[in-house]
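Coordinate analysis (summary)
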Amino acid sequence: MIKRYLFIFFAFCALSAFAQSEADSLYNDFHIQEVEVTARALTKDVIVPQTLKGEELQRLNALSVADALRYFSGVQLKDYGGVGGIKTINVRSMGSQHTAVYYNGIQLGNAQNGQVDLGRFSLDNMEEIQLFNGQKSDIFQSAREFGAAGNVYLTTRKPYFHPNEKVHVHAQMRAGSFALANPNVGVDIKLTDALSLTLDAEYVYSDGKYPFRYRRVLPTGEVAYDTTAIRQNGDVNAVRAEIGLHHYYRTTGFWRVHAYNYYSERGVPGAIVNNVWKNGERLWDRNTFVQAQWQDEWFNRWSTRLLLKYANDYTHYQNYDIKLLPSNNEYLQQEAYLSFANKVQLFNWWDLSVAYDYQYNTLKRDEWVSGVTDERFDRHSHWLSAATAFNVKEYLRLQASALMTQITNHKSQITNPKITPGIFASFRPYPKIDLSLNAFYKQSYRYPTFNDLYYTDLGNANLRPELARQHSIELAYRKATKAYDLAFSASYYYNRVTDKIIAYPKGQQFRWTMLNLGTVKINGVDAKADMSFYLPLRFVLRSRLGYTYQKAIDVTNPNDTYYGHQIPYIPWHSGSVVAELDWTSKRGDHYGFSYSFIYVGERYSQQENTIYNYVQPWYTHDLSIYGEWNVQPCRLKANIEINNLLGQDYEVIQNYPMPKQNVRCTVALKY
Amino acid sequence: MHSSSQILKFQISNFKFQIVLCFCIMLLSCRTDEVIYPTIPTNVTDEVQEGGLYVLCEGNMGSNKARLDYMNLETGTYYSNWYGAQNPKQVKELGDVGNDIAVYGNKLYAVINCSHKVEIMDLQAHRIGQVDIPNCRYLAFHGDKAYVSAYVGSLADPDLLGSVFEIDTASLQITREVKVGHQPDELCVVDDKLYVVNSGGYLTNRYDSTVSVIDLNSFTEIQKIPVGLNPTRIRKDEQGHLWVCCQGNYDEVKPQVVVHDLNNVIKRIQTSCANISIYDNTAYILDNTNKKLLGISTIDYRQSTINLPLSTFENPYGLLATKDALYVTDAKNYVSSGVLHCYSYDGQERWQALTGDIPGHLCRVGEAMQTDTTDTVISYSAYISHVYEYLPAIGQFVNELPKYEEGDDAESMCRKCEAAIANNAGGMVTLGGWGGYITFGFDHPVKNEEGRDIQILGNAFYMTGSTEYGSSEPGIVLVSKDANNNGLPDDTWYELKGSLYDDPTTEHAFSRTYTRDGDTIRNPFHKQPYYPQWLTADGYTLFGAKLAPQTEKISGQNVQHILDYGYVDNKPNTDIEGTSFDISWAVDANGNAVQLESIDFIRVYNAADEILTQTGELSTEITGAIDLHINN
């Protein structure tokens, strides 16, 4: 334990030393440095996103988008363990359904339960992941994008061709613990100078068998029990295939079409409880969507964007475990979406935008055991947004938006349209220093899902949407020289979630229903630092630190035993450290070493903060080494990752044990 | 170069900033050993009632938070997580979703629904064992049998019928199973018939509405009585009538309570019924829709409302009517602590206690147990606490030490052995002839530490003036670790290698079969049968090593050569080293040394095979055992 502790300690000390010298240079050497600073445009974001992209993203010890998001501040990942386990994120404790996830600019939907399993999105063809608290900085966006409290944008690889190139090929094989086999092939083809095609396909297999251990001691320190077992029924078999067509015309216009298909079969390993070490549930998923985007600009002032999407998602859940509620359920969800957005630049300091979105969702449900067949639900959603952005000199940028939402659910009355405002401001006192004070206030609704409304015996068709109000203030600073590139920011936020949709016992025995019952008050601090140091001999040291403090308490009813208690699974403290040392040889080969540490502090598994619900902190140390070589005409990359280096036995969600030490190796060839 | 001067600067770091950061890290606590959940005693009343009350809290599905709490009514103290404290070694505690609890005979039974088991405990909630029954729901008893309803069905069976299992309360084995209707819940016995409600709870919109009648002799379903939609509870009143709570379809079919005289429905009472408890010719019905407690005479069905402040409850849930009090629980929102309320029949609240999640099931025990040792978890006894198995070979003291009585079985003989030799009782148990054995354990694992670990007491003594000869009836010691964590000695055994292990005269892997018919030799002092009378089988085979005869005649007396080390009942108890054993001596079946960190079970069998004319067979006797690492 001591050893482990020191390791963390040194990691922080080492990094903090760098942080300190930066502060020194800012205040003492500003004038000397100024000469050295290369001209750099001020970032125009009113909301500074957290970003992971390119090589940095590829080198993280991460398999899926969910793994990568753990490195962002203010984010809590719910992870049920293993390659196939469900992974969802919760931004600033408002609940995972307040976070919207966008795939190449269009939201991924799940009208059934409102959650997107981010463990299914591979990092292999991902170019960038961004998290915006509040909303995206740019007011030129679809109406629906103004609607969520937190936004994760996933952007896949775009083709880039040098003048003489016609084809890029990327082939990769990854293998590792739990019998992981994960080949990936991508091809980019330049059809004409303006038109290009990208293809990407991936297969993931894992048997999901990993050892886990439960060890308990008596208060005397003597072992009460210590047992190790193998996680069963956690296998996953998944295939993903994508195709994209991009066309750039004139200098302003652009259209692209993207088709995505994902198919998987997996076991649902379930909770490990007394006398149950194995479960038999199986899940099949197929997610298919086609989306198109067209965008152009006229008179240098007026921009138009049109988005279209059709999604078709099928889920089949089967339970062969005779000990449990036998199930054989099929769900088919379809979604059609259209968005039309326009932005006008009135003056070069004032923009206006208006957007209208429409979406149609259906769900068809067949639950053979309970006798529900061909039950259908649908929903029409309309969003209308208006937004404006204006700049006062160079000092102040302001944005305001208003979103009107009207959702009409099958079988329920048309609810009154809801209007939610958002106000964003960014103040930059010094034109030449990238220091900004950003603040926002935003309201957003989380609408009840089909499950909330109609789930057999549980749904409540009279639910109101859940309201989140966010107040956030942030200080951000960035400085880049030839020697380093540093970015720091700290934010304080206060969120209040009211009318929270929760399951509550009905007035009859054994029954639950969904109710708008619950108020949560969240006070939080996020602090982060991104640092790159360009050292002599072509060494580069990059590091990333994040820390989050959150006090998210239930303030529903002072008579509840849990009034004022921290809500489930939100740690008070959490943080991460990533440090990477990269060396480039004279011929352009790369070698590097990366270390990452993730810490999630103590928390409780249920509303009441009692010893019976206490969950210990967990922290993992991950290491990776990589190399990249020019092997004409290709570029060869290899990477070995060791995750959970010290083999900590931990659970993110109680009774769902996480893997101990595990290894992944990746070899990639790029042409 | 500017960049290198920057680097220099990085190295000359200002410590203040570092200190601040390090301080931040101090706030982040480290992971420590996971300590088992303790029991927390809370004094809730000064009032004295008789006995105790067990409260089984369900806990939410998948949370593994079924919790058995105990209220000592004599001291007014409520103990949370009582089971956990009594059985700290139980892997993953009591389990997932507690669904029913009952006392029958001298045992406590708890149905743990999603752990698919019936947990069987003594009245202090010390675990005795478990019976695995998939998706088990409720309990009933009759004679020496327990009956458990279970939702178990299969996908292949389109009807998803449930079952009732019969458990033998002595052997804790499933003896019979009968298919009943859909998702059977509560059950009760009237005369020789078992009545079980078929809820059909899995079949939304197609609930069942019958009670299956099972003949207990043939264990077959003889009839299905229609009662009302979705029956979940069934209780018997003093008139022998059945009270069935039907939940309806949670929509237009309203809930009702149906009274049935085994032939016909004789009364229908329109009320919701979360729970029912019948005491002294009154059926108490928890109407959770209106948050009221109804009292209905089981004789003339006159109805009265018991004046309890249930309107202040969030979710009235559990109910138990007893001679001196009414206990009602509030399950709150199902995911936080509930409350147990105790009322007098005049509606006065006498006390309340905070329980675990979903306090659903209550049962009284007659006598309060000893709960004054609040640190039951911490203090271990140095003496053995439990005898798991006792199977002597035919011998002159068998059925005498301990005494067999009509009706005894293997289980009760173990308890008698316990009474004789556990907890430093100082009595004696015989192992009979060659191969007879006993298996016992402590209330904790015995650690393998430096030197000898366990002393096992017998009745050996030295011949006057000698330490070479005396009365030695050597027994071999086997040890085992509870590798599968089921609390039962069904794991691999290792022999503790004694001084004669490698001696060529020792016959390893010997076996002998004893039969009831072979029990013919009697000596004049012991005329009782020598064959273990509690065995139902007519023969049994014992296995082990056999030592060569050690008896010599010295001065006209039969004495044995005292063995060097490693045998029970070989040296006098006063010779602590001579009667003690080191777990490091353990060898496997092939004689290879095995390193065990600790052991849970100890077996001793008689390795001597000599029958002497005057004193009968050499038979290892055991009078106790001590963990040498515990001082008390």
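Counting of residues starts from 1 at the beginning of each chain's written sequence and follows it residue by residue. As they are written, the chains are lettered A onward and the ligands numbered 1 onward, keeping that order. Restriction of local features to residues with pLDDT of at least 70 applies here, the model being predicted, together with a cutoff of 80 or more for giving and counting side-chain atom pairs; totals for whole chains, interfaces and linings are based on all residues.

**Things to note about the overall build of chain A**
Heads up, the condition is: Each helix is a run of H or I in the DSSP string that is no shorter than four residues. Each strand is a run of E no shorter than two, and both are numbered from the N terminus. To assign burial, the other C-beta atoms lying within 10 Å of each residue's own C-beta are counted, with C-beta atoms placed from the backbone; 20 or more indicates buried, 12 or fewer indicates exposed, and intermediate counts indicate partly exposed. We call two residues in contact when the distance between their C-beta atoms, placed using the backbone, is within 7 Å.
Counting its regular elements, chain A contains five helices and 37 strands. Considered along the principal axes of its C-alpha atoms, chain A spans approximately 75 × 60 × 55 Å. Across the 671 residues of chain A, 44% fall into the buried class. In chain A, the proportion of contacts linking residues at least 24 apart, taken out of those at least 6 apart, comes to 62%.

**Section: the overall build of chain B**
Helix and strand counts for chain B come out as four helices and 50 strands. Each of the three principal axes of chain B carries a C-alpha extent, and together these read 100 × 95 × 55 Å. Look at the contacts in chain B between residues 6 or more apart in sequence, and 59% of them connect residues 24 or more apart.

**A closer look at the domain arrangement of chain B**
Many structure descriptions define interface size as the accessible area lost when the parts assemble. Residues and elements named next belong to chain B. Stated precisely, the cut-off is as follows: The source of the domain bounds is an automatic or database domain assignment.
Per the domain assignment, the segments of chain B are domain 1 (6–376) and domain 2 (386–627). Each of domain 1 and domain 2 has a C-alpha centre, and the two are 43 Å apart. The interface is formed by four residues belonging to domain 1 together with five residues belonging to domain 2.

**Quick look at unusual backbone geometry**
With an omega of 5°, the peptide bond running from A:Gln632 to A:Pro633 counts as cis. Here A:Pro633 is to be found in the loop between strand 33 (618–631) and strand 34 (634–643). Look at B:Tyr334: it is not a glycine, yet its phi comes out positive at around 75°. Considering the arrangement of structural elements, one finds B:Tyr334 in the loop between strand 26 (326–330) and strand 27 (337–343). Positive phi values are uncommon outside glycine, yet B:Asp569 reaches one of about 60°. Mapped onto the elements of the fold, B:Asp569 is located in the loop between strand 42 (557–561) and strand 43 (580–581).

**A word on the confidence of the model for chain B**
Atom-level detail of predicted coordinates should not be read off regions where pLDDT is low. Residues and elements named next belong to chain B. Definition in use: Known as pLDDT, the predictor's confidence for each residue is given on a scale from 0 to 100.
Chain-level pLDDT for chain B is 88 on average; 92% of the residues reach the 70-or-more range. pLDDT under 50 marks residues 1–20. Its contacts with residues more than four places away, or in other chains, come to 30 contacts. Overall fold confidence (pTM) sits at 0.75, and the ipTM for the predicted complex is 0.87.

**Side note on helix 4 (residues 410–421) of chain B**
All names here are of chain B. Note the cut-off: What a helix should span is 1.5 Å times the count of its residues minus one.
The first and last C-alpha atoms of helix 4 sit 16 Å apart over 12 residues, in line with the 16 Å expected at 1.5 Å per residue. Where helix 4 is concerned, the buried positions are Met 413, Cys 414, Lys 416, Cys 417, Glu 418 and Ile 421. Summarising the contacts, the buried residues of helix 4 are in contact with strand 30 (386–391), strand 31 (429–430), strand 32 (437–441), strand 49 (621–622) and strand 50 (624–627). Within two residues after helix 4, Asn 423 carries a phi angle of roughly 50°, on the positive side.

**Re the sheet that holds strand 43 of chain B**
All names here are of chain B. To be explicit about the condition: The rule for pairing is simple: two strands pair if DSSP sees at least two bridges between them.
An order of 43-34-50 is seen for the three strands of this open sheet, with the pairing classed as antiparallel. With partners counted over all chains shown, the strands left at the sheet margins are strand 43 and strand 50, one partner each. Bridge analysis of strand 34 (residues 454–457) against strand 50 gives four bridges, and the strand direction is antiparallel. Its bridge partner lying in strand 50, Gln 455 is registered against Ile 626.

**Description of the sheet that holds strand 46 (residues 601–606) of chain B**
Residue and element names in this part refer to chain B. How we decide: Angles run from 0 to 180 degrees between N-to-C directions of axes, and those axes are lines fitted to C-alpha atoms, restricted for helices to the stretch in contact.
The strand order across the open sheet formed by six strands is 30-32-46-37-38-44, and the pairing between neighbours is antiparallel. On the outer flanks of this sheet lie strand 30 and strand 44 (586–587), each paired with one strand and no other. Sheet topology note: the strand 38 (residues 493–496)/strand 44 ladder contains two bridges and is antiparallel. Opposite Glu 495, over in strand 44, you have Val 587 as the bridge partner. Contacts from helix 4 reach strand 30 and strand 32 within the one sheet, and its direction differs from that of strand 30 by about 120°.

**Remarks on the pairing of strand 2 (residues 52–57) of chain B**
Residues and elements named next belong to chain B. Across the six residues that make up strand 2, a large majority, six, are buried. Covered by surrounding structure in strand 2 are Gly 52, Tyr 54 and Leu 56 together with Leu 53, Val 55 and Cys 57, the residues of both alternating faces. Pairing of strand 2 with strand 29 (residues 359–365), which is carried by six bridges, proceeds in the antiparallel orientation. In the sheet register, Leu 56 faces strand 29, and the bridge partner there is His 361.

**Looking at the confidence of the model for chain A**
On average, chain A scores 87 in pLDDT, and the residues at 70 or more come to 92%. Low pLDDT (under 50) marks residues 1–43 of chain A, which in the prediction has 55 contacts with non-local residues, meaning those over four places away or in another chain.

**Observations regarding the nonpolar core**
Keep this limit in mind: Joined through C-beta atoms within 7 Å, a set of buried Ala, Val, Leu, Ile, Met, Phe, Trp, Tyr and Cys residues constitutes a nonpolar core.
Counting 96 residues, the largest nonpolar core has B:Tyr54, B:Val148, B:Val164, B:Leu187, B:Val196, B:Val244 and B:Ile285 as the members making the most contacts within it. Leaving out residues up to four positions away in the same chain, B:Leu187 has contacts with B:Tyr138, B:Ala140, B:Tyr147, B:Ser149, B:Val164, B:Leu194, B:Tyr195, B:Val196 and B:Ile234. Counting 66 residues, the second largest nonpolar core, distinct from the first, contains A:Leu123, A:Phe132, A:Ala149 and A:Leu307.

**Describing the pairing of strand 21 (residues 275–279) of chain B**
Residue and element names in this part refer to chain B. Bridge analysis of strand 21 against strand 22 (residues 282–287) gives five bridges, and the strand direction is antiparallel. From the neighbouring strand, Ile 278 faces strand 22, where its bridge partner is Ala 283. Between strand 21 and strand 22, which pair antiparallel and follow one another directly, the connecting turn spans two residues, one of which, Asp 280, has a positive phi of 50°.

**With respect to the environment of A:Gln141**
All names here are of chain A. Here Gln 141 lies in the loop between strand 6 (126–133) and strand 7 (150–156). Classification of Gln 141 as buried rests on a count of 24 C-beta atoms within 10 Å. For the pair Gln 141 and Ser 196, spaced 55 residues apart in sequence, the C-alpha separation works out to 24 Å. Among all residues touching Gln 141, those that are not within four sequence positions of it are Lys 136, Ala 341 and Ala 355.

**Points about the environment of B:Met413**
All names here are of chain B. Topologically, Met 413 is positioned in helix 4. As for Met 413 and Tyr 390, which are separated by 23 residues in sequence, their C-alpha atoms are 7.2 Å apart. Residues in contact with Met 413, not counting those within four places in the same chain, are Tyr 390, Pro 402, Asp 408 and Trp 534.

**Comments concerning the environment of A:Val75**
Residues and elements named next belong to chain A. With respect to the helices and strands, the residue Val 75 is situated in strand 2 (residues 75–79). Taking the C-beta count within 10 Å as the criterion, Val 75 has 25 such neighbours and is therefore assigned buried. C-alpha of Val 75 to C-alpha of Gly 150: the two residues are 75 residues apart in sequence and 9.9 Å apart in space. Setting aside anything within four residues of it in sequence, one finds Val 75 in contact with Leu 69, Ile 89, Val 91 and Leu 131.

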